[in-house]
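Spelled out, the chains give:
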Amino acid sequence: MRAIPLLTLLLSGWFALPAHADEAQDWLTRLGRAEQQQSFQGTFVYERNGSFSTHDIWHRVQDGQVRERLLQLDGSAQEVVRLDGRTQCVSGTLVAGLGNSRDAPSRALDPQKLNQFYELAVIGKSRVAGRNAVIVSITPRDQYRYGFELHLDRETALPLKSLLLNDQGQLLERFQFTRLNTSVVPDDRELQPSNDCTPIAVANSKAPEVQSTETWHMEWLPPGFQLTNTSARKDTQTKATVDSLMYEDGLARFSVFLEPISDASVTETRTQLGPTVAVSRRLNTVDGEMMVTVVGEIPIGTAERIALSVRGEKKPAAQP
Amino acid sequence: MSRDALQESLSAVMDNEADELELRRVLNAFDDAETRDTWSRYQVARAVMHKDLLIPRLDIAAAVSAALADEAVPAKAARGPWRSLGRLAVAASVTVAVLAGVRLYNQDEIAGAELAQQTQQPVMAGPQVKGPAVLAGYKESADTTGPMANGVLQGQSGWQDQRLPGYLRQHAQESALKGTESALPYARAASLENR
C-alpha cells in the first residue's frame, strides 16, 4: 500500500507538464509549415566558439516549389542552392562521394515525436530583427542531448533566433536573423547560383560508391535516435574504405565513422568544436583494428558511450 | 542529550557541515518521530530559502525501516538456504525504496535546474551587450573548448590531424544536405570552412 502514494508521486511528474506545452507544440507545427509556405529574404549571423559569420538567405515558395539560396557574406563566399530540400549546388570543398547516399526523404519537424524526448514550452516573448517573437524552449528529458531555445516570429513562425544550450545552460552556438523581410518575394536573379557553385551531380560522379565489408550495429543508442543514412566511400588519401552511419532523434544528429588503421601509434581522442563533439576510439574486429569516430551535436558523454558500443560483423559474401 | 544540541546537529547535517560525532548523534536519535519531524521541517525551510520546488513530505527513512520490519519476520523464521533468500528479499525491498526516493529527488533536481536555466537566460545574453563587442560571446563556452580552438587542431599530430577535420566536414555537410528544417546545418558546415 505504501507503494501507491509513491507511484502517484512518480506519475504526477509526467502529468504535471505545464499547460503551455500544447502551445509550444502548435508553434513548432507552425514552424514546420512556415518554411513550406512562406517566402522571405534576410540576413543572419552564426556564432560558435571560435567562429562568427554572416549570411544572406533567399527563400521562395512558388507553384508548390521551394527554392532557396544561401550565401556567406564574409570570408569565402560559401554558397548553397536548394530546390524542394534537395541540394542543387554547393561551393567550396565538398567531401567526395557525399551525395552518393540515397536521398532519404528529409523529415519535417515532428513536435509529437520531439515531445517524447524533449520538454516543449513557451517561456516568454522577445524581439529579434525588429520583429516580435515568441520564445519556445526545447529542454531534453534526459542527459543524452542538448536543449534549444527558439525565438519564432509571431507573424510567420519562422525561426528568428536559435540557441543551443548544454546541460549547464551554457551557450554553444547562436543563429540569429538581423534582418528579415517576409513581404518581398525573392526574384529569379537573386535565386540564381553563382558560377562558383558546383552542381551536386558533377561532384558526385568523381567518387564511385564502394561496398563496405562489415555491418555495424550499436549495442547502445540514446533513446529516440534512429539510423537515417549509411554510406561507404574510399578515402582519396589513404585508399581505405570509410563507413559512415548517421543517426537523428528529429532534432539532434550524430555520425559514426569507421576506418581501418594500420598505425599502432594512433591515439584515441576527444574534442569539442562549438556545438560539435568528436570522440574516437580503437575497436578490434575480425578485419583488424578499426578507429571508431563519433561526431555530432551531442554531449561528449553520449558520444563516448556510443563510441564504446559499436560492434562489427562480417558481411556474408558480397551480393552479385 | 539536550534537545537544543540535537537540533544544532540536525542543522549541521542538513548543511553538510556535521562531523562524525554529530552525524552519529543524529542517526541514533532518528528513530524518534519528533526528531524526524524536526528534520522534515528543516528540509521545508531550506527548500523555501533556496527557492527550490516544494515536494510533498515523504519520509524515506520511515519507509525503509517499515519495509525492513515487514520483510525481516519471515526471513528470521526461515532456515537453511531460505534464510539467505530472505536476506536477499530484504536487500531488494530496501533497494526499491531507496531507488524510488532517489528518483523523486532527481526529478526535483531536474525541475530546479530548469528553473535555474530559465532565470539564467537574461544573464546569458547580458555580457553580449555590456562587454566588449564580439569577444564576450566566446567566453560562455570557452571552458568547453578542446584542443580545437578556432577550428584548427592544435597540439595534435598524425592521424587525428588528418582525419578529424574531414569527419567534421562530412558530418556537417551531410546534415546540411539532409536538413531542410532551417539554415542552421548549412551555417554549421560553412563555419567549418572559415579557417
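Just above sits the structure.
Residues numbered from 1 in each chain as written. Chains lettered and ligands numbered in written order. Predicted model: local features only at pLDDT ≥ 70, side-chain atom pairs only at ≥ 80, totals over all residues. Heavy atoms only, no water.

Attention now moves to the overall build of chain B. Across its full length, chain B holds 8 helices and 0 strands. In chain B, the succession of α and β elements from N to C terminus is α-α-α-α-α-α-α-α. For chain B, the proportion of its 195 residues judged to be buried stands at 37%. Accessible surface, chain B: about 11600 Å² in total, of which carbon and sulfur atoms supply 59%. (Helix = DSSP H or I, 4+ residues; strand = E, 2+ residues; numbered from the N terminus. Buried < 20%, exposed > 50% of the residue type's maximum accessible area, 1.4 Å probe, protein only. Areas by Shrake-Rupley, 256 points an atom, 1.4 Å probe, with all protein chains shown as cover.)

Looking now at the sheet that holds strand β16 (residues 269-273) of chain A. Residues and elements named next belong to chain A. In spatial order, the strands read β13-β14-β15-β18-β17-β16; together these 6 strands make up an open sheet with antiparallel pairing. Strands with a single pairing partner mark the edges of an open sheet, and in this sheet they are β13 (226-234) and β16. Averaged over all adjacent pairs, the angle separating strand axes in this sheet is 20°, with direction ignored. Where β13 and strand β14 (residues 241-248) come together, 8 bridges link them in antiparallel fashion. Along β14, the bridge assignment pairs Asn229 with Met246. Strands in contact with helix α6 (residues 300-308) are β15 (253-260), β16, β17 (276-285) and β18 (288-296); relative to β17, the strand with the most contacts, it is inclined by about 15°. (Pairing = 2+ DSSP bridges. Axes fitted to C-alpha atoms, helices over the stretch in contact; angles between N-to-C directions. Contact = heavy atoms within 4.5 Å.)

Now for the sheet that holds strand β11 (residues 198-199) of chain A. Across the sheet, which stays open at both edges, the 11 strands sit in the order β6-β7-β8-β9-β10-β1-β2-β3-β4-β5-β11 (chain A) with antiparallel pairing between neighbours. Edge strands, defined here as strands with exactly one partner in the open sheet, are β6 (118-128) and β11 of chain A. Pairing between strand β7 (residues 131-140) of chain A and strand β8 (residues 147-153) of chain A: 6 bridges, direction antiparallel. Bridge assignment links Val134 of chain A to a residue of β8 of chain A, and that residue is Leu152 of chain A. Sitting on the sheet, helix α2 (residues 21-37) of chain A touches β2 (51-62), β3 (65-72), β6, β7, β8 and β9 (159-165) of chain A, and the angle it makes with β6 of chain A is about 65°. Across the sheet, helix α8 (residues 184-193) of chain B is in contact with β1 (40-48), β2, β3, β4 (79-83), β8, β9 and β10 (171-181) of chain A; its angle to β1 of chain A comes to roughly 50°.

Residues and elements named next belong to chain A. With the rule as written, the count across this model stands at 8 aromatic pairs over all chains. Taken together, a centroid distance of 5.6 Å and an interplanar angle of 70° make the contact between Phe44 and Phe177 edge-to-face. Taken together, the positions of Phe44 in strand β1 and Phe177 in strand β10 put the pair 133 residues apart, joining distant regions of the chain. Taken individually, Phe44 and Phe177 each receive the classification buried, so the pair is uniform in this respect. Through a chain of ring-to-ring contacts, three or more aromatic side chains come together here, namely Phe40, Phe44, Phe175 and Phe177. The aromatic ring of Tyr118 is capped on one face by Arg145, whose charged end is 5.8 Å from the ring centroid. Taking the ring centre of Trp220 as reference, the NZ or CZ of Arg305 above it sits at 3.9 Å. (Phe/Tyr/Trp six-rings, centres within 6.5 Å; stacked < 30°, edge-to-face > 60°. Lys NZ or Arg CZ within 6 Å of the ring centre and 35° of its normal.)

This part covers the packing of helix α1 (residues 3-14) of chain B against helix α3 (residues 33-49) of chain B. Residues and elements named next belong to chain B. Look at α1 against α3: their axes get within 10 Å of each other, and the N-to-C directions meet at 45°. As summarised for this structure, α1 and α3 are arranged oblique, according to the angle between their axes. For the pair α1 and α3, the crossing hand works out as right-handed. Taken together, the residues of α3 that come into contact with α1 (itself represented by Arg3, Leu6, Gln7, Leu10, Ser11, Val13 and Met14) are Glu34, Thr35, Thr38, Trp39, Tyr42, Gln43 and Arg46. Taken together, the residues of the contact of α1 with α3 sort by class into 6 nonpolar, 5 polar and 3 charged. (Parallel < 35°, antiparallel > 145°, perpendicular 65-115°, else oblique. Left-handed = near helix turned anticlockwise from the far one by under 90°. Nonpolar A, V, L, I, M, F, W, Y, C, P; charged D, E, K, R; others polar.)

Attention now goes to the state of the cysteines. Residues and elements named next belong to chain A. All told, the structure shown has 1 disulfide over all chains when counted by the stated rule. In this model Cys89 forms its disulfide with Cys197; the gap between the sulfur atoms is 2.0 Å. Its S-S torsion of about 95° marks the bond between Cys89 and Cys197 as right-handed, since a negative value means left-handed. Of this pair, Cys89 sits in strand β5 (residues 86-90) while Cys197 sits in the loop between α4 (188-191) and β11, and the two are 108 residues apart along the sequence. Each of the two residues, Cys89 as well as Cys197, counts as buried. (Disulfide = S-S within 2.5 Å.)

Another point: α8 of chain B. Counting buried positions over the 10 residues of α8 of chain B gives 10, a clear majority of the element. Buried within α8 of chain B are the following residues: Leu184, Pro185, Tyr186, Ala187, Arg188, Ala189, Ala190, Ser191, Leu192 and Glu193 of chain B.

For the rest of this paragraph, the subject is the nonpolar core. In terms of nonpolar packing, the biggest core is built from 65 residues, with Leu28, Phe44, Ile138 and Val256 of chain A touching the most fellow members. Residues contacting Val256 of chain A, with those up to four places away along its chain left out, are Met218, Asp243, Ser244, Leu245, Tyr247, Val292, Thr293, Val294, Ile306 and Val310 of chain A. With 12 residues, the next largest nonpolar core counts Val242, Leu273 and Ala278 of chain A together with Tyr167 of chain B among its residues. (Core = buried A, V, L, I, M, F, W, Y, C linked by side-chain atoms within 4.5 Å.)

Attention shifts here to the packing of α1 of chain B against helix α2 (residues 20-29) of chain B. All names here are of chain B. α2 packs onto α1 with a crossing angle of 110° between their chain directions and a minimal axis gap of 9 Å. Taken together, α1 and α2 sit at an angle that is classed as roughly perpendicular. The crossing of α1 and α2 is left-handed. Between α1 and α2, the contacting residues are Ala5, Leu6, Ser9, Leu10, Ala12 and Val13 on the first element and Glu22, Leu23, Arg25, Val26 and Ala29 on the second. The class makeup of the residues in the contact of α1 with α2 is 8 nonpolar, 1 polar and 2 charged.

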